[in-house]
Amino acid sequence: MRELEEKFIVDAMLGNIVTWLRILGYDTIYWSGDDGELIKRALEEDRIILTMDRELALNAIRNGLETFYISKNDSPEVLAELAKRYGIKLRFDRNRTRCPVCNSPLKLVNDKPREEWICPNCGKRYWRGSHWRNIMKTIKDAEERLASSEA
Ligand SMILES: [Zn+2]
């Protein structure tokens, strides 16, 4: 199985995007610390920076880092942009999804009657419940925006 290449580090204003990237299986760090440290970490771990902070974005670009400046925090819109720019897949893969809380890859522990995952790191459990429709709706919304931007 090919590893997903893109890894991200995301500033504290974009918590919703962190959750989405993890659900979609992308290794994503949520950063609320110092800008200099963020840049160092991105450099060391080859992570794409997502930020709403213009100054941080400019600073990161000056340091030669791949940086995506986000002006409007709208999940489907940002996901569509990321798909366009970095080729992230707007598709839920039950074997690649990560813990929205701690970023660890989840383990599928039950298939029937309903899929259920456990996080080996923080112990949280997830399953396809009532929130599932909303998750799929946002992913579908992002796909549609991507399609219309490419038309
Ligand atoms: Zn976890």
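The structure displayed is predicted, hence computed values, not measured ones.

Further remarks concern the pairing of strand 3 (residues 48–51). Of the two faces of strand 3, both are covered, the one formed by I48 and L50 as well as the one formed by I49 and T51. Where strand 1 (residues 8–11) lies against strand 3, three bridges are found, and the strand directions are parallel. Note on strand 3: the bridge partner recorded for I9 is I49. Relative to strand 4 (residues 67–69), strand 3 is paired through three bridges, and the arrangement is parallel. Considered in strand 4, the bridge of I49 is made with T67. With helix 3 (residues 54–62) bridging strand 3 and the parallel strand 4, this β-α-β connection has right-handed handedness.

This part is about helix 5 (residues 132–150). Along its 19 residues, helix 5 runs 27 Å from first to last C-alpha, staying within 8% of the 27 Å computed at 1.5 Å per residue. Looking only at helix 5, the buried set comprises I139, A142 and R145. Across the axial projection of helix 5, the buried residues extend over an arc of 120°, all falling on one side. Facing away from the buried side of helix 5, by more than 90 degrees, are the exposed residues R133, M136, K137, K140, A147 and S148. Against the buried residues of helix 5 lie helix 4 (75–86).

With that settled, the discussion passes to helix 1 (residues 15–23). Residues lying three or four places apart along an α-helix face the same way, a consequence of the helix completing one turn every 3.6 residues. The set of residues buried in helix 1 consists of I17, V18, W20, L21, R22 and I23. Buried residues in helix 1 make contact with strand 1, strand 2 (28–31), strand 3, helix 4 and helix 5. Of the residues one or two after helix 1, G25 is the one with positive phi, at around 95°.

To continue, consider the sheet that holds strand 2. On the basis of which strands lie adjacent, the open sheet formed by four strands has the order 2-1-3-4 and parallel pairing. The open sheet has two edge strands with one neighbour each: strand 2 and strand 4. On average, each strand axis in the sheet is tilted by 20° relative to the strand beside it, whichever way the strands run. Seen against the sheet, helix 3 touches strand 1, strand 3 and strand 4 and runs at an angle of roughly 155° to strand 4.

All right, on to the sheet that holds strand 6 (residues 116–118) then. Consider a sheet: its strands pair through backbone hydrogen bonds, and that pairing is either parallel or antiparallel. The antiparallel open sheet is built from three strands, whose spatial order is 5-6-7. On the outer flanks of this sheet lie strand 5 (107–110) and strand 7 (125–127), each paired with one strand and no other. Averaged over neighbouring strand pairs, the angle between their axes works out to 35° when direction is ignored. Bridging between strand 5 and strand 6 involves three bridges; their strand directions are antiparallel.

Procedures and definitions
Residues numbered from 1 in each chain as written. Predicted model: local features only at pLDDT ≥ 70, side-chain atom pairs only at ≥ 80, totals over all residues. Buried ≥ 20, exposed ≤ 12 C-beta atoms within 10 Å, placed from the backbone. Helix = DSSP H or I, 4+ residues; strand = E, 2+ residues; numbered from the N terminus. Pairing = 2+ DSSP bridges. Right-handed = clockwise from strand over helix to strand, strands pointing away. Expected span 1.5 Å × (residues − 1). Arc of directions from axis to C-beta. Contact = placed C-beta atoms within 7 Å. Axes fitted to C-alpha atoms, helices over the stretch in contact; angles between N-to-C directions.

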